[in-house]
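Okay, here's what each chain looks like letter by letter:
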Protein chains: 2
Amino acid sequence: MLAKTPKPPYYAVIFSNVLTAVDGGYAEMADRMVALASDQPGFLGFESAREEIGISVSYWKDLESIKNWKANTEHQAAQQYGIQDWYAHYITRIAKVEREYSFIKED
Amino acid sequence: MLAKTPKPPYYAVIFSNVLTAVDGGYAEMADRMVALASDQPGFLGFESAREEIGISVSYWKDLESIKNWKANTEHQAAQQYGIQDWYAHYITRIAKVEREYSFIKED
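Here goes a summary of the coordinates provided. (Residues numbered from 1 in each chain as written. Chains lettered and ligands numbered in written order. Predicted model: local features only at pLDDT ≥ 70, side-chain atom pairs only at ≥ 80, totals over all residues.)

**Things to note about the relation of the copies chain B and chain A**
Inference 1: Superposing chain B onto chain A requires a rotation of 180° together with a translation of 0.0 Å along the rotation axis, leaving an RMSD of 0.0 Å. In the structure described here, the two chain copies are related by an operation that fits a two-fold rotation axis.
Inference 2: Of all interface residues in chain B, 100% are interface residues in chain A too; the two copies therefore contact each other through one and the same surface. (Least-squares fit on C-alpha atoms with pLDDT ≥ 70 in both. Contact = placed C-beta atoms within 7 Å.)

**Digging into the interface of chain B and chain A**
Inference 1: Taken together, the 36 residues of chain B in the interface contact 36 residues of chain A.
Inference 2: Among the elements of the structure, β1 (10-19), β2 (43-50), β3 (54-60) and β4 (87-104) of chain B are those that each provide at least two residues to the side of chain B that touches chain A.
Inference 3: In terms of residues, the side of chain B that touches chain A owes the most to one element, β4 of chain B, which gives 18 residues.
Inference 4: Of the residues contributing to the side of chain B that touches chain A, the split by class is 20 nonpolar, six polar and 10 charged. (Helix = DSSP H or I, 4+ residues; strand = E, 2+ residues; numbered from the N terminus. Nonpolar A, V, L, I, M, F, W, Y, C, P; charged D, E, K, R; others polar.)

**With respect to unusual backbone geometry**
Inference 1: A cis amide bond links Pro8 of chain A to the next residue, Pro9 of chain A, at an omega of 5°.
Inference 2: Structurally, Pro9 of chain A can be placed in the segment before β1 (10-19).

**Structural notes on the packing of helix α1 (residues 26-38) of chain A against helix α3 (residues 73-86) of chain A**
Residue and element names in this part refer to chain A.
Inference 1: The interhelical angle for the contact between α1 and α3, taken along N-to-C directions, is 150°, at an axis separation of 11 Å. Between α1 and α3, the interaxial angle falls into the category roughly antiparallel. Read as a crossing pair, α1 and α3 show a hand that is left-handed. Taking contact as the criterion, the partners of Tyr26, Met29, Met33 and Leu36 in α1 are, on α3, Glu74, His75, Ala78, Tyr81 and Trp86.
Inference 2: Considered class by class, the residues forming the contact of α1 with α3 number seven nonpolar, one polar and one charged. (Axes fitted to C-alpha atoms, helices over the stretch in contact; angles between N-to-C directions. Parallel < 35°, antiparallel > 145°, perpendicular 65-115°, else oblique. Left-handed = near helix turned anticlockwise from the far one by under 90°.)

**A few points about the environment of Ala27 of chain B**
Inference 1: Following the sequence through the fold, Ala27 of chain B ends up in helix α1 (residues 26-38).
Inference 2: Spatially, the C-alpha atoms of Ala27 of chain B and Glu74 of chain B are 16 Å apart, while their sequence positions differ by 47 residues.

**A look at the environment of Ile94 of chain A**
Inference 1: Relative to the assigned elements, Ile94 of chain A resides in strand β4 (residues 87-104).
Inference 2: Between the C-alpha atom of Ile94 of chain A and that of Val13 of chain A, which follows or precedes it by 81 residues, the distance is 4.7 Å.
Inference 3: Filtering out sequence-adjacent residues up to four positions away, Ile94 of chain A remains in contact with Tyr11, Val13 and Ile66 of chain A together with Glu98 and Arg99 of chain B.

**Here's the deal with the sheet that holds β1 of chain A**
Inference 1: Judged by pairing direction, the sheet is antiparallel, and its eight strands sit side by side in the order β2(A)-β3(A)-β1(A)-β4(A)-β4(B)-β1(B)-β3(B)-β2(B) without closing on themselves. For this open sheet the edge positions go to β2 (43-50) of chain A together with β2 of chain B, each flanked by a neighbour on one side alone. Put simply, the sheet's adjacent strands are angled 25° from each other on average, direction ignored.
Inference 2: Strand direction decides the pairing type here: β2 of chain B and β3 of chain B, joined by seven bridges, are antiparallel. For Glu47 of chain B, the partnering residue across the bridge sits in β3 of chain B and is Val57 of chain B.
Inference 3: Sitting on the sheet, α1 of chain B is in contact with β1, β2 and β3 of chain B, with an inclination near 160° to β2 of chain B. (Pairing = 2+ DSSP bridges.)

Structure, rendered in structure tokens:
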């Protein structure tokens, strides 16, 4: 369930957001965007959770891959819907992952 | 509810995790760690959400601040409890935030 990312360096797009009360079609669009992102060159993985706020983190090989994904035509349309209807507030942070540590419990 | 972070560059610690079935004391410890982190030098903000997985992102001024927080005695004890009891799997990614974009809906 956690993204299996390669040895750093690579990039993370941390998308933190608060939704409006308008949720028609949001879940379907969000699922579609994850599927579409997964098909893009340079995509490395995705993690997401929502309670009071939503945090979605997508992982990418490099800044060029992120730029191409941002400019994807279908993604652009979804971003417009997001601004019009679904998001009350969002912050997108583009960050270079420098180190990674992990732990898996042995049964 | 989203972290008010300064103009980049700054650092993000992306802590993605899956819990075990052992949850005794977890919520209290997690709340305590957020409060304690907030008092550390270089702390800039915190965002968190949990569904199937938990994602907590803390923001820091620099790598030195992150190193000091990791080494904090009370935090070290919490990390030990986490490994012993609460976490089935976690990945900690340390990333340098290079760019930030935001949107707030005008009412």
